[in-house]
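# Remarks on the overall topology
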Amino acid sequence: MSKARIAKVIFIFLAILCGTAFFAKDLVPNLKLILAPPSFEHWLGCDAYGFDLFARIQKGALYTLIISTVVTLLSLIIGLFLGTLAAYSGKIAQSALLRLFDCFLAFPGFLLAILVATILPNGELTLIVALSLGNWPSRARFIYARNREILNLPHIEAAQAAGAHSWRIFYKHIFPHLYGQLAIQAALSMSSVILHEA
């Protein structure tokens, strides 16, 4: 089996697995089903409180997918904005932004997330903020580096010489080069966020 087919099979399996999370049943305890064995109605049986175990897994997966997706998108948006801003800024602003990235990168993201989570009140919003603070610096640094590489390409230099505005150059010529890398960064970020969120 080729690598492309293996990738398709894995993608379909993950899509089905994630899709089931959106059809989770409401978690309603049933005292008659305490420690009930697996059956056609309750695939994984029930726990000591009468909750359907499969429904609990689905609910947990749904919250995890929502939080990890929001954190990934937020990290990419912040990283894309600040990384691009650093690439186009003057020397002083660029140096200041890079030092800001370094300060955040010097502190382990997971420990920073724990620190923020202990300061702010408990809740999903706190978890999203905490995990986003630990994820955006690496995205920003990566996007800054890619922008600097792409800026040296001949057609980018030609657009600059023609007097095109910096943001137009980014939107028309640089951003299309970042599609693939952003997708990879999103996949890597989402997997790490799921592990940290757990």
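We now turn to the structure provided with this report. (Residues numbered from 1 in each chain as written. Predicted model: local features only at pLDDT ≥ 70, side-chain atom pairs only at ≥ 80, totals over all residues. Heavy atoms only, no water.)

The helix and strand inventory of the chain stands at 7 helices and 0 strands. If you list the helices and strands of the chain from N to C, you get α-α-α-α-α-α-α. Taking the principal axes of its C-alpha atoms as reference, the chain extends roughly 75 × 50 × 25 Å. Every one of the 198 residues in the chain was classed for burial, and the buried ones make up 32%. The long-range fraction of contacts in the chain, counting pairs at least 24 apart against all pairs at least 6 apart in sequence, stands at 62%. The chain carries 15 positive and 9 negative side-chain charges, and their two centres are separated by 12 Å. (Helix = DSSP H or I, 4+ residues; strand = E, 2+ residues; numbered from the N terminus. Buried < 20%, exposed > 50% of the residue type's maximum accessible area, 1.4 Å probe, protein only. Contact = heavy atoms within 4.5 Å. Lys, Arg positive; Asp, Glu negative; His and termini not counted. Charge placed at Lys NZ, Arg CZ, Asp CG, Glu CD.)

For the rest of this paragraph, the subject is the packing of helix α2 (residues 53–88) against helix α3 (residues 91–106). One way to put it is that α2 packs onto α3 with a least axis distance of 8 Å and a crossing angle of 145 degrees. Between α2 and α3 the crossing geometry is left-handed. Contacts between α2 and α3 involve Leu82, Gly83, Leu85, Ala86 and Ala87 from the former and Gln94, Leu97 and Phe101 from the latter. For the contact of α2 with α3, the class distribution of residues is 6 nonpolar, 2 polar and no charged. (Axes fitted to C-alpha atoms, helices over the stretch in contact; angles between N-to-C directions. Left-handed = near helix turned anticlockwise from the far one by under 90°. Nonpolar A, V, L, I, M, F, W, Y, C, P; charged D, E, K, R; others polar.)

This part covers helix α7 (residues 166–197). The terminal C-alpha atoms of α7, which comprises 32 residues, lie only 38 Å apart, well short of the 46 Å expected from a rise of 1.5 Å per residue. When the local axis directions of α7 are compared, the greatest deviation, roughly 50 degrees, occurs at phenylalanine 175, which is followed within four positions by the proline proline 176. Among the residues of α7, those classed as buried are Ile169, Phe170, Ile174, Leu178, Leu182, Gln185, Ala186, Ser189, Val193 and Glu197. On the buried face of α7, the contacting elements are α2, α5 (124–151) and α6 (154–161). (Expected span 1.5 Å × (residues − 1). Bend = angle between axes of the 7 residues up to and from the residue.)

A few words now on the pattern of salt bridges. This structure, assessed with the given rule, holds 4 salt bridges. Two residues, aspartate 102 and arginine 141, come together in a salt bridge whose shortest N-O distance is 3.0 Å. Residue aspartate 102 is located in helix α3, and its partner arginine 141 is located in helix α5; the two are separated by 39 residues in the primary sequence. One salt bridge in this structure joins arginine 146 and glutamate 149, with 2.5 Å as the shortest N-O distance. Taken together, the residues span about one helical turn, with arginine 146 and glutamate 149 both in helix α5 at a distance of 3 residues. Overall, glutamate 149 belongs to the partly exposed group, its relative accessible area being 47%. Sharing partners across several salt bridges, the network here consists of Arg99, Asp102 and Arg141. (Salt bridge = Lys/Arg side-chain N within 4 Å of Asp/Glu carboxyl O.)

Moving on, we come to the packing of aromatic side chains. Applying the stated rule across the entire model yields 2 aromatic pairs. Ring geometry for phenylalanine 101 versus tryptophan 136: centroids 5.8 Å apart, planes at 80 degrees, classification edge-to-face. You can see phenylalanine 101 sitting in helix α3 and its partner tryptophan 136 sitting in helix α5, a full 35 residues away along the chain. Neither residue differs from the other here; phenylalanine 101 and tryptophan 136 are each classed as buried. (Phe/Tyr/Trp six-rings, centres within 6.5 Å; stacked < 30°, edge-to-face > 60°.)

One non-glycine residue with positive phi stands out, namely leucine 35, at about 55 degrees. You can see leucine 35 is positioned in the loop between α1 (3–21) and α2. Accessibility expressed as a relative area gives 61% for leucine 35, which makes it exposed.

The grouping of Phe107, Phe110, Leu111, Ile114, Leu115, Ile119, Leu120, Leu125 and Val129 at the surface amounts to a nonpolar patch, some 820 Å² of accessible area in total. At the level of elements, α4 (109–119) and α5 are the ones that each hand at least two residues to the nonpolar patch. Considering each element in turn, the nonpolar patch owes the most residues, 5 residues, to α4. By the secondary structure assignment, phenylalanine 110 is in helix α4. (Patch = residues over 30% accessible without salt bridge, like charges linked within 9 Å, V, L, I, M, F, W, Y side chains within 5 Å. Areas by Shrake-Rupley, 256 points an atom, 1.4 Å probe, with all protein chains shown as cover.)

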